[in-house]
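One-letter residues, chain by chain:
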Amino acid sequence: MDRLLVEQLIETAIRQLEFSYTPYSGFKVGAALLAGNGAVYTGCNIENAAYTPTNCAERTAFFKAVSEGVREFEAICVVGGKNGILTEYAAPCGVCRQVMMEFCDPETFRIILATDREHYDIYTLKELLPLGFGPANLK
Ligand code: THU
């Protein structure tokens, strides 16, 4: 991926940390989802007093895009850490990987994990969700 684009996605994801609503865990996550049309959809995690309604940053970004008619995606950048301090990668949870599987090509969709704009690694969805179950299995 183009390095400048990766850095822009990292900065956008980091900016979402301030919107993260985490009164229970204090673990703040930000996401920047690059759609096929070039638009970037942002997301943060949103917790809930009943705990299970909590929505991860990645799914917030996906659901914002899909709810606006966008279903093609190139990459997502995810950053996160306790109290918004980014010391290590915040890898997507299993539920978020499954949501990615619904809309993304596992061979080409990129997941960028970063701690700052100089420190990141890029994975394919297939690497993070091997043998994933998706729409193709139901054809
Ligand atoms: N979280 C995310 O936003 N994304 C992930 O992939 C992992 C977990 C959030 C959910 C919850 O608000 C907090 O991190 C602690 O689990």
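Each remark here, short or long, concerns the structure printed above.
Residues numbered from 1 in each chain as written. Predicted model: local features only at pLDDT ≥ 70, side-chain atom pairs only at ≥ 80, totals over all residues. Heavy atoms only, no water.

**Regarding the nonpolar core**
One broad trend across soluble globular proteins is that nonpolar side chains are buried collectively.
Step number 1: Formed by 23 residues in total, the largest nonpolar core has its most connected members in L33, F62, F73, I76 and F109.
Step number 2: Among residues more than four places away in sequence, those in contact with F62 are L33, F73, I76, V99, M100, F103, C104 and F109.
Step number 3: Residues V6, L17, L86 and A114 belong to the second largest nonpolar core, which totals 14 residues. (Core = buried A, V, L, I, M, F, W, Y, C linked by side-chain atoms within 4.5 Å. Buried < 20%, exposed > 50% of the residue type's maximum accessible area, 1.4 Å probe, protein only. Contact = heavy atoms within 4.5 Å.)

**Here's the deal with unusual backbone geometry**
Note on backbone geometry: most residues besides glycine have negative phi, and most peptide bonds are trans.
Step number 1: At Y51, a residue that is not glycine, the phi angle is positive and equals roughly 65°.
Step number 2: Structurally, Y51 is set in the loop between β2 (40-44) and α2 (57-66).
Step number 3: With phi around 55°, N83 is a residue other than glycine that occupies positive phi space.
Step number 4: Relative to the elements of secondary structure, N83 occurs in the loop between β3 (73-82) and α3 (94-103).
Step number 5: What makes N83 exposed here is its relative accessible area of 55%. (Helix = DSSP H or I, 4+ residues; strand = E, 2+ residues; numbered from the N terminus.)

**Looking at the sheet that holds β3**
Step number 1: Within the open sheet, the five strands sit side by side as β2-β1-β3-β4-β5. Their pairing is mixed. The open sheet has two edge strands, β2 and β5 (119-124), and neither has a second partner. The average undirected angle you get between the axes of adjacent strands in this sheet is 20°.
Step number 2: Direction of pairing for strand β1 (residues 27-35) relative to β3: antiparallel, over a ladder of nine bridges. Bridge pairing links L34 to A75 in β3. (Pairing = 2+ DSSP bridges. Axes fitted to C-alpha atoms, helices over the stretch in contact; angles between N-to-C directions.)

**Some details on the packing of α2 against α3**
Step number 1: Where α2 contacts α3, the axes come no closer than 9 Å and their chain directions differ by 25°. By the angle class used here, α2 and α3 are roughly parallel. Considering only the axes of α2 and α3, their crossing is left-handed. On α3, the residues that touch E58, R59, F62, F63 and V66 of α2 are V95, C96, V99, M100 and F103. (Parallel < 35°, antiparallel > 145°, perpendicular 65-115°, else oblique. Left-handed = near helix turned anticlockwise from the far one by under 90°.)

**Notes on the packing of aromatic side chains**
Step number 1: Evaluation of the coordinates by the stated rule reveals four aromatic pairs.
Step number 2: Taking the centre distance of 4.9 Å and the plane angle of 65° together, the rings of F62 and F73 count as edge-to-face. Residue F62 is found in helix α2, and its partner F73 is found in strand β3; the two are separated by eleven residues along the sequence.
Step number 3: Classification of F62 by relative accessible area gives buried; the value is 1%. (Phe/Tyr/Trp six-rings, centres within 6.5 Å; stacked < 30°, edge-to-face > 60°.)

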